[in-house]
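# Structural description and commentary
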Amino acid sequence: MLTIENLHAHYGLSHVLQGVSLHGGPGEVVGLFGRNGVGKTTILKTIAGWVPATSGSVRLDGADLAGRTPDAIARLGLGLVPEDRRIFPGLSVEENLRLGLLQCPARSRRENEAAIGRAFARFPRLAERRHQMGTTLSGGEQQMLAMARVMVGTAKLLLIDEPTEGLAPMIVDEIFAIIGDLKRAGLTILLVEQNIHRALDVADRFYAVERGRVTLEGDAASPKDRARLMETVSV
Amino acid sequence: MAETIDYLQFILAPQALNGLSLGVAVVLMALGLTIIFGLLDVINMAHGEFYAMGAFLALSLAGLGVGFWALLVLVPLLMIPIGWAAERWLIQRVFHSRDRHILTLLLTFGLGMILEDVLKLAYGPNTMRPETPIAGGTEILGMFLPNYRLFLIGFGLALIAAVWVVVFRTRLGAMVRAAAFDKDMASSLGVPVRRVYAGTFAFGVALAGLSGVLLAPIYSVFPTMGRDFILMAFTVVIVGGMGSIQGAVVAGLLLTQVQAISSLYISPVWSDPLVFGIMVLVLMVRPRGLFGRLGNA
Ligand SMILES: Nc1ncnc2c1ncn2[C@@H]1O[C@H](COP(=O)(O)OP(=O)(O)OP(=O)(O)O)[C@@H](O)[C@H]1O
Ligand SMILES: [Mg+2]
């Protein structure tokens, strides 16, 4: 589904990704862990087309993403739930949600409406607040909206960046429940998360990132791999 | 008492309506400018020349026998590919460089100078005055008003309302607002940002061209006709808030009223200083203008 080989990326002169290789199979949840500033978000941004790769390749379902714009990549089936959620302030909850439909311009209106209906049924709090401006929602609700926004589309691969950051424990539970649902629905998920234990419960495999490189790959169910991960990411 | 009513009816109200007919055209210009700025962060210095281009296109097409009603559709339609090409081939060239604010400013300024000279070469420097497309006048409440001005007010207000509906009530508008606020995120949801940029620029240019068609019968047509008008449109955009649609409408109607009414009491020479004085005052109190930028809450 997702294959990254020897990926390099720069911000100006700083060489942030220094040869990242990783992959995610169909229906697999892959954790991406590492300390602050090692390049986890940059990996996601490079996949999504926000940051150009200076070398290496990213393939989604066999298609090379090099040189494609983020909207073209989205239409290939990539859904992004970014750090800080990035809800649009001048747009209502419903307008924010409906932007997720642009991923699949060929889908029929009826199917689109059905997808919106399912999203509002799944997130009743968003349905109640559908006419409010998106940024008047609480942090947890905004995170739900950011998740719902990619769920109404036709994503096959989701990139989710620190979805529980700064949220109350009850909402954290809810978010991991959603990620579990998405996994059962067969999506491939690349999950960046500081809450490593919770993430490992839902993940199949994981990678540890250090200073722009993947330094460890492991099986989420293996106690040995987990122990090595904790050594790598602990300060 | 009777004198007061006479004054209102025969002096103040007609002047206000004259101001309004200019006001709607100014708002159409300012809308194009402010939407382009709100989305692309580009100050289109060539906007006044696109306005002149619209007027000249109308003049030429009218010479070929195209009627006024067809011009109202045809000229904006012809301006769309021109605006699209300007965005794609000129603006996009410098759009991703680090000094893009200054570069796009200089680029569109240069483009405006070229367009102005092209118009001079093609049509000569002299002033031309198209015939009034709608002749006659109507008496309303004892006031005699030229029909064309009444049409201009009605058509302009309807167009402003249509722009508002498109921007704030349609999916296309939501895409524009989303891209204006956060182009990367909008893009990752599937908003075709490049096409939205080019399309919005073209739309703004088409609005400028349409203002040219509408105002040509009132203010006559000459190659530098954009200069005076663009100053007013820029003032409106600055007072209303750069990138704000509400701001362009409110400030456009307000400032043209100030101009119209004040010219009853003071020499017209002073009406520009008055308008710019208001701009300075507004900026002292609210440096970002009256309303918030497109895409922001
Ligand atoms: N836009 C940018 N311009 C320049 N440098 C950047 C930019 N964004 C991030 N960086 C730098 O690149 C490095 C990697 O950043 P990145 O955001 O990918 O890290 P991260 O692993 O996601 O960290 P965190 O856990 O804090 O989210 C950091 O050193 C950061 O300072
Ligand atoms: Mg990060």
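Values in this document were obtained by computation on a predicted structure and should not be read as measured data.

## As for the interface of chain A and chain B
Between chain A and chain B, the residue contacts involve 23 residues of the former and 23 residues of the latter. Buried surface at the junction of chain A and chain B, summed over both partners, amounts to about 1900 Å²; 62% is from carbon and sulfur atoms. Between the two partners, chain A and chain B, sit two salt bridges. A salt bridge links B:Arg177 to A:Glu95; its shortest N-O distance comes to 2.6 Å. Viewed at the interface, chain B and chain A are joined by eight residue pairs in polar contact (both at pLDDT 80 or more). Secondary structure elements with two or more residues in the side of chain A that touches chain B: helix H2 (70-75), strand E6 (78-81) and helix H3 (93-99) of chain A. Ranked by the residues each element gives to the side of chain A that touches chain B, the list is headed by H2(A), at four residues.

## Observations concerning the nonpolar core
Judged by nonpolar contacts, the single largest core of 120 residues is most densely connected at A:Leu32, A:Ile47, A:Leu99, A:Leu159, A:Leu190, B:Leu31 and B:Phe50. In contact with A:Ile47, not counting residues within four places along its chain, are A:Leu2, A:Ile4, A:Val58, A:Leu65, A:Ile73, A:Leu78, A:Leu159 and A:Leu190.

## Some details on the sheet that holds strand E1 (residues 2-11) of chain A
All names here are of chain A. Strand order in the open sheet formed by four strands is E2-E1-E4-E5, and the pairing between neighbours is antiparallel. Strands at the two margins of the open sheet, each flanked by one partner only, are strand E2 (14-24) and strand E5 (63-64). Across eight bridges, E1 lies against E2 in antiparallel orientation. Within the sheet, the bridge partner assigned to Thr-3 lies in E2 and is His-23.

The rules behind these values
- Along each chain, numbering runs from 1 in the same order as the chain's sequence is written.
- Chains and ligands are labelled sequentially in the order written, the chains with letters from A and the ligands with numbers from 1.
- Reporting of local features is limited, given that this is a predicted model, to residues whose pLDDT is at least 70; pairs of side-chain atoms are given and counted only at 80 or more, and all residues count toward the totals for whole chains, interfaces and linings.
- Based on all heavy atoms of the structure, the side-chain values leave hydrogens and waters out of the count.
- The criterion used for residue contact is that any of the two residues' heavy atoms lie within 4.5 Å.
- For any pair of parts, buried area is found by adding up, for both, the accessible area (1.4 Å probe) each one loses once the two are put together.
- The salt bridge definition used is simple: a Lys or Arg side-chain nitrogen within 4 Å of an Asp or Glu carboxyl oxygen.
- Any pair of N or O atoms that falls within 3.5 Å is considered a polar contact. Within protein, one atom must be able to donate a hydrogen and the other to accept it, and sequence-neighbouring residues count only if both atoms are side-chain atoms.
- By the criteria applied, helices consist of DSSP H or I runs no shorter than four residues and strands consist of E runs no shorter than two, each listed in order from the N terminus.
- Joining through side-chain atoms within 4.5 Å is the link that ties buried Ala, Val, Leu, Ile, Met, Phe, Trp, Tyr and Cys residues into a set, and such a set is a nonpolar core.
- A simple rule labels every residue: compare its accessible area, found with a 1.4 Å probe on the protein chains alone, to the largest value its type can have, and call it buried under 20%, exposed over 50%, or partly exposed in between.
- When DSSP finds at least two bridges between two strands, those strands are taken to pair.

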